[in-house]
Amino acid sequence: MADPWQEVTPARQAEEVVRDALKNEVNVILKSSPVDLVTATDQKVEKIFISSIKEKYPSHSRGKSVLTDNPTWIIDPIDGTTNFVHRYVLNSLI
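Residues numbered from 1 in each chain as written. Predicted model: local features only at pLDDT ≥ 70, side-chain atom pairs only at ≥ 80, totals over all residues. Heavy atoms only, no water.

For the record of the protein chain, the UniProt heading Sequence similarities (unreviewed entry) holds the text "Belongs to the inositol monophosphatase superfamily." UniProt, in the comment section headed Cofactor (unreviewed entry), describes the protein chain in these words: "Mg(2+)". (UniProt positions renumbered as here; feature names shortened; annotations may be inferred.)

In structure tokens, the structure reads:
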């Protein structure tokens, strides 16, 4: 029987993307202001989760949708992008 802790999940895929990004220079993009940042890592992680959601829940709303009673996903790929950009992360992640 397979070990469920070793299963490849979107979260585990995202973890690898973030770990790899912490070893390299971060490409930062300004969204609406100098304190509203997004990175290529944010975008990669977001794609992982959106792809998984589309596959498992094709009828669910995603992205910039109007909120209704239907299931809706709001994705914040890296909570704390500013801290991520400045490498203020737990040492256990590096």
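Picking up where we left off.
This part takes up the overall build of the protein chain. When its secondary structure is counted, the protein chain shows three helices and four strands. Along its sequence from the N terminus, the protein chain presents helices and strands in the succession α-β-β-α-β-β-α. The long-range share in the protein chain, meaning contacts at least 24 apart out of those at least 6 apart in sequence, stands at 59%. In the structure as shown, the protein chain presents an accessible area of about 7,300 Å², 53% of it carried by carbon and sulfur atoms. (Helix = DSSP H or I, 4+ residues; strand = E, 2+ residues; numbered from the N terminus. Contact = heavy atoms within 4.5 Å. Areas by Shrake-Rupley, 256 points an atom, 1.4 Å probe, with all protein chains shown as cover.)

UniProt tags Asp-76, Ile-78 and Asp-79 as "binding site: Mg(2+)" (unreviewed entry). Look at Ile-78 and you get buried, because its relative accessible area is 9%. Leave out the neighbours within four places in its chain, and Ile-78 touches Val-18, Thr-39, Thr-41, Asp-42 and Phe-84. With respect to the secondary-structure elements, Asp-79 resides in the loop between β4 (72-73) and α3 (81-85). (Buried < 20%, exposed > 50% of the residue type's maximum accessible area, 1.4 Å probe, protein only.)

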